[in-house]
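Listed below are the residues making up each chain.
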Amino acid sequence: MPEQAYNVYEDRCPTRLVLDRLADKWALLILDRLRGGPLRFNHIRREIKGISQKVLSQTLRKQERDGLITRAIFPTVPVTVEYALTPLGRTLTETISALTHWAEKNMDAILAAQRAYDERDAG
């Protein structure tokens with residue numbers, strides 16, 4: 001039972017901050033990639049094409065703060081850092097996977113709808 005009742009439709013509800021972070025494409029892709037197990041920073045960066053080192057670092061930090069991922073530091077030379085989903089983060093994996101792969105499966109239909117809209121709107 002939650003300590004307090006939250007309502008995402010209320011303008012001051014803290015859940016909106018969480019939704020804002022989860023609605024970010026980079027956050028979704030990182031969480032989906034970590035579904036397979038712990039990964040190192042550079043491995044994540046190589047797997048997610050187009051993400052900058054700065055954005056990856058910022059997003060990982062936010063996800064760690066929200067309790068969605070853990071960061072493990074290993075005393076190697078150079079230092080090795082691995083990221084993994086927490087039990088809380090794992091509760092999102094099915095939803096995130098469904099959403100990211102829904103986009104892949106439906107991209108042609110979305111592009112067709114956008115073209116039809118643009119043609120209607122231009123006329």
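Structural data are supplied above this passage.
Parameters at a glance
Residues numbered from 1 in each chain as written. Predicted model: local features only at pLDDT ≥ 70, side-chain atom pairs only at ≥ 80, totals over all residues. Heavy atoms only, no water. Helix = DSSP H or I, 4+ residues; strand = E, 2+ residues; numbered from the N terminus. Rg over C-alpha atoms; globule rule 2.2 N^0.38 Å. Buried < 20%, exposed > 50% of the residue type's maximum accessible area, 1.4 Å probe, protein only. Areas by Shrake-Rupley, 256 points an atom, 1.4 Å probe, with all protein chains shown as cover. Lys, Arg positive; Asp, Glu negative; His and termini not counted. Charge placed at Lys NZ, Arg CZ, Asp CG, Glu CD. Salt bridge = Lys/Arg side-chain N within 4 Å of Asp/Glu carboxyl O. Polar contact = N/O pair within 3.5 Å; in protein donor to acceptor, adjacent residues only side chain to side chain. Pairing = 2+ DSSP bridges. Contact = heavy atoms within 4.5 Å. Axes fitted to C-alpha atoms, helices over the stretch in contact; angles between N-to-C directions.

A. Examining the overall build of the protein chain more closely. Within the protein chain one finds six helices and three strands. For the protein chain, the sequential pattern of α-helices and β-strands runs α-α-β-α-α-β-β-α-α. Relative to a compact globule of 123 residues, whose C-alpha radius of gyration would be 14 Å, the protein chain shows 18 Å and is clearly more extended. The principal-axis extent of the C-alpha atoms belonging to the protein chain is close to 65 × 40 × 25 Å. Counting all 123 residues of the protein chain, 26% fall into the buried class. A total of about 9300 Å² of accessible surface is found on the protein chain, and carbon and sulfur atoms cover 54% of it. Separation between the mean location of the 19 positive side-chain charges and that of the 16 negative ones in the protein chain comes to 7 Å.

B. Here's a closer look at the pattern of salt bridges. Going through the model one piece at a time under the given rule, you end up with four salt bridges. Note that Asp32 is salt-bridged to Arg35, the shortest N-O span being 3.2 Å. A relative accessible area of 13% places Asp32 in the buried class. The partner of Arg71 in a salt bridge is Glu64, with the nearest N and O atoms 3.6 Å apart. Of the residues examined, Arg71 reaches a relative accessible area of 43% and is grouped as partly exposed.

C. Region of the structure containing the environment of Lys49. Relative to the helices and strands, Lys49 resides in the loop between α3 (41-47) and α4 (53-65). Overall, the relative accessible area of 68% leaves Lys49 in the exposed class. A polar contact of 2.8 Å, which involves the side chain of Lys49, links it to the backbone oxygen of Arg46.

D. Quick peek at the sheet that holds strand β3 (residues 80-85). Here three strands make up an open sheet; going across it, the order is β1-β3-β2 and the pairing antiparallel. With partners counted over all chains shown, the strands left at the sheet margins are β1 (39-40) and β2 (69-74), one partner each. Pairing of β2 with β3, which is carried by six bridges, proceeds in the antiparallel orientation. Bridge assignment links Arg71 to a residue of β3, and that residue is Tyr83. Contacts from helix α2 (residues 25-34) reach β1, β2 and β3 within the one sheet, and its direction differs from that of β3 by about 95°.

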